[in-house]
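So you can see what is in the structure, the chains are spelled out below.
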Amino acid sequence: WYPLFVAPLVTCACLLDLYSSTGCDFIRMDVGFTPVNNVWSSSYAQLGLFSFDTHETDKNKWKRTFNDGCQLYSENFDGGFIANDQTWYVSRIMAYISGISSLVSLATAWLLTITPLPASFFWPGVLLPAVVLSMLTGAAKFLFFNTQICTEPLWFMDESTAAVPAQSCEI
């Protein structure tokens, strides 16, 4: 009877993990002024690991239901702000590992529920390691995330002043 109890829990955990990785509300950053550069020209940003919030309604109704307004980073933004930030890449790798292991957990839990797979092998050999790996890497994507975009002086008030760090960042 335990697969019937575990499968819905693993399903919820998988969906929440995927949503947290693909969303565009991972960091809320306030630069404090409207920066002068060719990549970002807004004083406020909501950034995710893979996308940012444009505050525009998506045309695709399926995407709008899940992540409304999220757009992938441009090559200029990726090269200017993310390319030199190793913690951003580590967090992205953790998000991939967490997502894949949570999908493996999801598939295994439901296969144990609806098929006669031997639970004595798949429970400790596949499901438990995948759940633990998903949990650890899901937590690590938040713990390792100490971005330069928040802490380093990257923002220019105008072309004649020195760069300053963002005024505030919230994860």
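Below is a summary of the structure that appears in this document. Numbering of residues begins from 1 in every chain and follows the order in which that chain's sequence is written. Only residues with pLDDT of 70 or above have their local features reported here, since the model is predicted, and side-chain atom pairs are shown and tallied only from 80 upward, although totals for entire chains, interfaces and linings are computed over all residues. Hydrogens and waters are ignored; side-chain quantities use all the structure's heavy atoms.

1. Quick look at a nonpolar patch on the surface
Patch definition: residues above 30% relative accessible area lacking any salt bridge, with like charges linked at up to 9 Å and the nonpolar side chains Val, Leu, Ile, Met, Phe, Trp and Tyr linked at up to 5 Å. Note that accessible areas follow from Shrake-Rupley with a 1.4 Å probe, and for residues the cover is restricted to the protein chains shown. The rule for a salt bridge is simple: a side-chain nitrogen of Lys or Arg has to be within 4 Å of a carboxyl oxygen of Asp or Glu. Taken together, Trp110, Leu111, Ile114 and Leu117 make up a surface patch of nonpolar side chains, about 360 Å² in accessible area. With respect to the element layout, Ile114 can be found in helix α4 (residues 86-114). Per the convention used, a helix needs a DSSP run of H or I reaching at least four residues, while a strand needs a run of E reaching at least two, with both numbered from the N terminus.

2. Regarding the side chain of Asp78
Considering the arrangement of structural elements, one finds Asp78 in helix α3 (residues 75-82). The classification of residues rests on relative accessible area computed with a 1.4 Å probe and restricted to protein chains. Under 20% of the type maximum is buried, over 50% is exposed, and intermediate values are partly exposed. The charge count treats Lys and Arg as positive and Asp and Glu as negative. His and the chain ends do not count. Comment: no salt bridge for buried Asp78; closest opposite-charge side chain is Arg92, at 4.1 Å. Leaving out residues up to four positions away in the same chain, Asp78 has contacts with Ala83, Tyr89 and Arg92. It only takes one pair of heavy atoms within 4.5 Å for two residues to be counted as in contact.

3. Digging into the nonpolar core
Only buried residues count toward a nonpolar core, which is a set of Ala, Val, Leu, Ile, Met, Phe, Trp, Tyr and Cys residues joined through side-chain atoms within 4.5 Å. Counting 20 residues, the largest nonpolar core has Met29, Trp40, Leu47, Tyr73, Phe77, Ile149 and Trp155 as its most contacted members. Of all the secondary-structure elements, those providing two or more residues to this core are β1 (27-30), β2 (44-47), α3, α4 and α6 (148-151). If we skip the residues at most four places from it in the chain, Ile149 touches Met29, Leu47, Phe77, Phe81, Asp85, Trp88, Leu154, Trp155 and Ala166. One finds Val6, Ala109, Leu112 and Leu127 within the second-largest nonpolar core, a separate group that totals 6 residues.

4. With respect to the pattern of salt bridges
Pairing of side chains with opposite charge becomes possible as their charged atoms draw close. Under the criterion given, the structure shown has 2 salt bridges. As a salt-bridge pair, Arg28 and Asp25 come within 2.6 Å of each other at their nearest N and O atoms.

5. Regarding the packing of aromatic side chains
Two rings belonging to Phe, Tyr or Trp (six-membered ring only in the last case) form a pair when the distance between their centres is within 6.5 Å. Interplanar angles under 30 degrees mark stacking, angles over 60 mark edge-to-face geometry, and anything in between is tilted. Under the counting rule described, the total for this entry stands at 8 aromatic pairs. Seen from their ring centres, Tyr73 and Phe77 are 4.8 Å apart, and the 10° between their planes marks the pair as stacked. Overall, Tyr73 belongs to the buried group, its relative accessible area being 10%. Residue classification places Phe77 among the buried positions, given a relative accessible area of 3%.

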